[in-house]
Amino acid sequence: MANDIDAYWEYHKIVGDEVGDTLLTPQQFEEYKKKVVPERMKNRLYVSWRVEGGIDCELVGPESMCHCQHRYRQHHTDNPQRNTKCKNCRCKKYEFVPRMGSQPARCKCKHYSTDHDLKKECNKCTCTSMRITLSCPCGSPAYLHYTCLETKEERLAAGKPVGQDVPYAAMGGLTGFSSLAPGYMRFDPSGARGDSVDLQPDTVARSSHQRY
Ligand SMILES: [Zn+2]
Ligand SMILES: [Zn+2]
Ligand SMILES: [Zn+2]
Ligand SMILES: [Zn+2]
Ligand SMILES: [Zn+2]
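Residues numbered from 1 in each chain as written. Chains lettered and ligands numbered in written order. Predicted model: local features only at pLDDT ≥ 70, side-chain atom pairs only at ≥ 80, totals over all residues.

**Student:** What's the story with the overall build of the protein in this structure? I'm lost.
**Tutor:** On a plain count of helices and strands, the protein comes out with 4 helices and 5 strands. For the protein, the residues scored as buried account for 32% of the 212 residues in total. For the protein, contacts bridging at least 24 residues in sequence account for 56% of all contacts bridging at least 6. (Helix = DSSP H or I, 4+ residues; strand = E, 2+ residues; numbered from the N terminus. Buried ≥ 20, exposed ≤ 12 C-beta atoms within 10 Å, placed from the backbone. Contact = placed C-beta atoms within 7 Å.)

**Student:** Explanation requested: the environment of N88 in the structure shown.
**Tutor:** Turning to its location among the elements, N88 is positioned in the loop between strand 2 (58-59) and strand 3 (99-100). N88 sits in the partly exposed class, given 13 other C-beta atoms within 10 Å. Along the sequence, N88 and R71 sit 17 residues apart, while their C-alpha atoms lie 9.9 Å from each other. Setting aside residues no more than four positions away along its own chain, N88 makes contact with H70 and Q74.

**Student:** Looking at this model, I keep getting lost on helix 2 (residues 26-43). Mind explaining?
**Tutor:** Two residues of an α-helix separated by three or four positions point the same way, owing to the 3.6 residues in each turn. If you check helix 2, its first and last C-alpha atoms are 25 Å apart, about what 18 residues at 1.5 Å a residue would give, namely 26 Å. The largest bend in helix 2 amounts to roughly 35 degrees and is located at V36, with the proline P38 lying one to four residues further along. Within helix 2, only 1 of the 18 residues are buried, which leaves it mostly out in the open. (Expected span 1.5 Å × (residues − 1). Bend = angle between axes of the 7 residues up to and from the residue.)

**Student:** Where do I start with the sheet that holds strand 5 (residues 146-150) in this structure?
**Tutor:** Paired through their backbone hydrogen bonds, the strands of a sheet run either parallel or antiparallel. Ordered by their spatial adjacency, 3 strands build an open sheet running 2-1-5, and the pairing between neighbours is antiparallel. Edge positions in the sheet fall to strand 2 and strand 5, since each of these pairs with one other strand and no more. (Pairing = 2+ DSSP bridges.)

**Student:** Explanation requested: the nonpolar core in the structure shown.
**Tutor:** Buried together is how nonpolar side chains tend to be arranged in soluble globular proteins. If you look at the biggest cluster of nonpolar residues, it comprises 23 residues, and the most contacted ones within it are V47, V60, C66, Y72, Y168 and M171. By residue number, the principal contributor to this core is strand 1 (residues 46-50), which donates 3 residues. (Core = buried A, V, L, I, M, F, W, Y, C linked by C-beta atoms within 7 Å.)

**Student:** Help me understand the confidence of the model for the protein, please; the structure alone is not making it clear to me.
**Tutor:** Interpretation of this model should avoid reading the predicted coordinates in detail wherever pLDDT is low. The predicted model of the protein averages 85 in pLDDT, with 86% of residues at 70 or higher. Per-element confidence in the protein ranges from a low mean pLDDT of 48 for helix 4 (residues 201-208) to a high of 96 for strand 5. Note on residues 195-212: pLDDT under 50 across the span, and 46 contacts to partners over four residues away in sequence or across chains. (pLDDT = per-residue confidence, 0-100.)

**Student:** Would you take a moment to explain unusual backbone geometry for this structure?
**Tutor:** Glycine aside, the phi torsion of most residues is negative, and most peptide linkages are trans. One non-glycine residue, R82, lies in the positive phi region at around 60 degrees. Structurally, the position occupied by R82 is in the loop between strand 2 and strand 3. Note on R82: 14 C-beta atoms within 10 Å, which makes it partly exposed. Phi is positive for K120, close to 75 degrees, though the residue is something other than glycine. You can call K120 partly exposed: it has 15 C-beta atoms within 10 Å.

**Student:** Before we go on, may I ask you to explain the pairing of strand 1 in this structure?
**Tutor:** Note on strand geometry: in a regular strand, side chains alternate between the two faces of the sheet. Burial of strand 1 is extensive: 5 of the 5 residues sit out of reach of the surface. Along strand 1, one buried face is formed by Y46, S48 and R50 and the opposite face, lined by V47 and W49, is buried too. Bridge analysis of strand 1 against strand 5 gives 5 bridges, and the strand direction is antiparallel. Bridge pairing links S48 to C148 in strand 5.

Here is the structure:
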């Protein structure tokens, strides 16, 4: 029984939202793993939200919400061209937007980030450029942050953790259990406090679905 659940869970982490609701046959799944997974491991994009030159304040994982209100895993994530357009709407690239606990954050116009369309225009007033004034624990206001996509080589060159190569879809910036902590208290080199803590792929993927 436990094995069945593990297998089901493993399947969904690997296939992700890629093929809709139809389950692949065991044979198709084997082929998928042979074809897609090696490419994915080679081309993974590490996604973080930060101020230019600063720490990774947030590491984006499969469940992290985009401004378009779809999750990272609902965007194209398997490609070396850094094209992260949404599979479910007209959003052209994944963009992390911070929240206030369970509420969306507010723009300078006082309306929620979610009241703003894909062009960042407010549906409730004349505001035409969303600006979230919420202050990040790193000390900078949210609007100075941007969503950054890096290749493995770029991460390594910057001395940031890349974790183990994992077969799972849409892992974004998650490289270990510590990735779930906000940047200002994270202990790996992408955070403010130092040492590398890299865990096994299994732990990485399990931790990823506790997020948001
Ligand atoms: Zn989006
Ligand atoms: Zn979308
Ligand atoms: Zn407004
Ligand atoms: Zn606004
Ligand atoms: Zn920050």
